[in-house]
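# Observations on the three-dimensional arrangement
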Amino acid sequence: MSSEESKPKVILAYSGGLDTSVILKWLCEKGFDVIAFCANVGQHEEDFSAIKAKAVNCGASKCVVTDLRSEFVSGYVFEALKCNAMYEGRYLLGTSIARPCIAKEMIRIATEEGASFVAHGATGKGNDQVRFEMCAQALAPTVGTIAPWRDAEFIESFKGRTDLLAYCTKHGIPVDAKPKANYSIDENLFHTSYESGMLEDAACAPDESMFKMTNSYKNAPEEPETIFIEFKQGIPSKVTVGDVIKTDPLELFLFCNEIAGKHAVGRIDIVENRFVGIKSRGVYETPGGTLLRAAHMDLEGICMDREVKRITEYLGNEFARLCYNGFWFAPEMDLIRHSIDFSQRDVEGVVEIELYKGNVTIRGRTSPKSLYNADLASMDQEGGGAAFDYNPADSQGFIRINSVRLKTYAALRAKDEENKE
């Protein structure tokens, strides 16, 4: 048996950046056979051939690059869209929802290569360490995880960027010559996020020059643009703008990013609660996701039963919480996703939207599965039309019955006031 064959194998989630390049070499020095893995989830202008070459130069026995873009859109982004998922009422889960997609492929490669470990460059203060490892353990309980930024020896050796750069110089690891931005970036086709550095000051406004996916309001077109979005079973199936039609899920989503970003749709600047107990400031761009969520929510209004809608709003909040916290492959997430699928059976139709300087304005909607009835809703008809037996006089009893508990509560409060006197 050769020395290479006797080394324990580890699959490293590799970006080609400073941290993971140092980690790759450090793992090699520790006696591991390192296989680098880079997931293509739509990072903007990424040179994956350069990343592969750099990984091998740093000591990896090979570098596997997998194009996960179509799977990411259809199996993850659209899953979140179906339940209008939004963490803490603001964050569309752009980073969170990419992690299970990446972790699943990493575990597939680990199984194929016979690796005993996976490794990542996530910090000990963030959510990603939890997401990667929870997903990995759910999919392959016997595969171990190496997290250098929680390793005492690694932390002692690398106390900051200066130590990392010195290590690169010592080992001939190429470093990007461009000045490092004063914030960190995570990007995929769903969103771009910015945090840390200057953004750790919650009062510091983001620099306009950093945004990649969206125009500012000032630079957005002066004329509005109309887009028609068609859904089937809650999933976007067709987008039309003028003569342009998109039906392939990946192409459709990228086109939504393009047109929404052009009109300054999808920027937010928030402070959120990390699962590890730390508050974090993040600036996000999610143009296509913001547009499609608005359209989907509007269509549900005409297609979905009131009580089903009430329940799915709760399920959507739970979906967001579980996804954010790393429980994508948990049984409760399976339950939610199956329930959401059931709720989306009749969410079908077309929504017309106008985009203008950050605004997403619904102009109208149509559906072959509509629960809306103009005769029943009309204030110009006394009853419900020919199809419905609706008598407005019945509302008197409806109101009386529903107010019983309110009267009872009011009587109790009045009694309390009397006792105070």
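What counts as what
- Residues numbered from 1 in each chain as written.
- Predicted model: local features only at pLDDT ≥ 70, side-chain atom pairs only at ≥ 80, totals over all residues.
- Heavy atoms only, no water.
- Helix = DSSP H or I, 4+ residues; strand = E, 2+ residues; numbered from the N terminus.
- Expected span 1.5 Å × (residues − 1).
- Buried < 20%, exposed > 50% of the residue type's maximum accessible area, 1.4 Å probe, protein only.
- Contact = heavy atoms within 4.5 Å.
- Polar contact = N/O pair within 3.5 Å; in protein donor to acceptor, adjacent residues only side chain to side chain.
- Salt bridge = Lys/Arg side-chain N within 4 Å of Asp/Glu carboxyl O.
- Axes fitted to C-alpha atoms, helices over the stretch in contact; angles between N-to-C directions.
- Parallel < 35°, antiparallel > 145°, perpendicular 65-115°, else oblique.
- Left-handed = near helix turned anticlockwise from the far one by under 90°.
- Nonpolar A, V, L, I, M, F, W, Y, C, P; charged D, E, K, R; others polar.
- Pairing = 2+ DSSP bridges.
- Core = buried A, V, L, I, M, F, W, Y, C linked by side-chain atoms within 4.5 Å.
- Disulfide = S-S within 2.5 Å.

Moving on, we come to helix α11 (residues 306-325). Over its 20 residues, α11 extends 29 Å from the first C-alpha to the last, a length consistent with the 28 Å expected when each residue adds 1.5 Å. Those residues of α11 that sit buried are Lys-309, Thr-312, Leu-315, Gly-316, Glu-318, Phe-319, Ala-320, Leu-322, Cys-323, Tyr-324 and Asn-325. Each element contacted by the buried residues of α11 is listed here: α4 (69-82), α6 (128-139), β11 (267-273), α10 (287-303) and α12 (331-343). The opening residue of α11 is Asp-305, an N-cap whose side-chain oxygen sits 3.0 Å from the backbone nitrogen of Glu-307. Directly after α11, the chain includes Gly-326, whose backbone phi takes a positive value near 95 degrees.

Next up on the list: the pattern of salt bridges. The final tally for this structure, using the stated rule, is 31 salt bridges. Glu-71 serves as the salt-bridge partner of Lys-104, at 4.0 Å between the closest nitrogen and oxygen. Residue Lys-104 is located in helix α5 (residues 98-113), and its partner Glu-71 is located in helix α4; the two are separated by 33 residues in the primary sequence. Among the residues examined, Glu-71 registers a relative accessible area of 32% and is labelled partly exposed. For Arg-306, the salt bridge goes to Glu-307, with nearest N and O atoms at 3.1 Å. Its relative accessible area of 32% is what places Glu-307 among the partly exposed residues. Look at the salt bridges and you will find they share partners, linking Glu-79, Lys-82, Arg-337 and Asp-341 into a network.

Relative to the elements of secondary structure, Ala-136 occurs in helix α6. According to the relative accessible area criterion, Ala-136 is buried, its value standing at 4%. Taking C-alpha positions, Ala-136 is 9.8 Å from Glu-105, a pair spaced 31 residues apart along the chain.

Time to look at the packing of helix α2 (residues 18-29) against helix α8 (residues 161-171). Closest axis-to-axis distance for the α2/α8 pair is 10 Å, and the angle between their directions is 55 degrees. The orientation of α2 with respect to α8, classified from their angle, is oblique. Here α2 and α8 pass one another in a crossing that is left-handed. Taking contact as the criterion, the partners of Leu-18, Asp-19, Val-22, Lys-25, Trp-26 and Glu-29 in α2 are, on α8, Arg-161, Leu-164, Leu-165, Tyr-167, Cys-168 and His-171. Of the residues in the contact of α2 with α8, the class split is seven nonpolar, one polar and four charged.

Now for the pairing of strand β12 (residues 279-285). The element β12 is largely enclosed, with a buried count of six among its seven residues. Across three bridges, strand β7 (residues 192-195) lies against β12 in antiparallel orientation. What sits directly across from Ser-193, in β12, is Tyr-284. Across seven bridges, β11 lies against β12 in antiparallel orientation. Its bridge partner being in β12, Arg-267 is matched across the sheet by Glu-285. Counted between consecutive antiparallel strands, the loop separating β11 from β12 contains five residues, among which Gly-277 sits at a positive phi close to 100 degrees.

Looking now at the nonpolar core. In terms of nonpolar packing, the biggest core is built from 76 residues, with Ile-11, Phe-72, Leu-93, Ile-227, Ile-229, Leu-291 and Phe-319 touching the most fellow members. Filtering out sequence-adjacent residues up to four positions away, Ile-229 remains in contact with Lys-238, Val-239, Leu-291, Leu-292, Ala-295, Gly-349, Val-350, Val-351 and Ile-353.

Right, let's talk about unusual backbone geometry for a bit. With the exception of glycine, the majority of residues adopt a negative phi angle, and the majority of peptide bonds are in the trans configuration. Phi is positive for Glu-45, close to 55 degrees, though the residue is something other than glycine. Turning to its location among the elements, Glu-45 is positioned in the loop between β2 (33-40) and α3 (48-57).

It is worth spelling out the state of the cysteines at this point. Between two cysteines, a covalent bond joining their sulfur atoms is known as a disulfide. Here the structure, examined in full by the defined rule, presents zero disulfides. Cys-38 takes part in no disulfide bond, and the closest cysteine sulfur, belonging to Cys-63, lies 6.2 Å away. Not engaged in a disulfide, the cysteine Cys-83 finds its nearest cysteine sulfur in Cys-323; these two sulfurs lie 9.0 Å apart.

An order of β10-β9-β8-β13-β14 is seen for the five strands of this open sheet, with the pairing classed as antiparallel. At either margin of the open sheet sits one strand with a lone partner, and together these are β10 (244-246) and β14 (359-366). Within this sheet the neighbouring strands show an average axis-to-axis angle of 20 degrees, counted without direction. Note: strand β8 (residues 225-232) against strand β9 (residues 235-241), five bridges, orientation antiparallel. Considered in β9, the bridge of Glu-230 is made with Lys-238.

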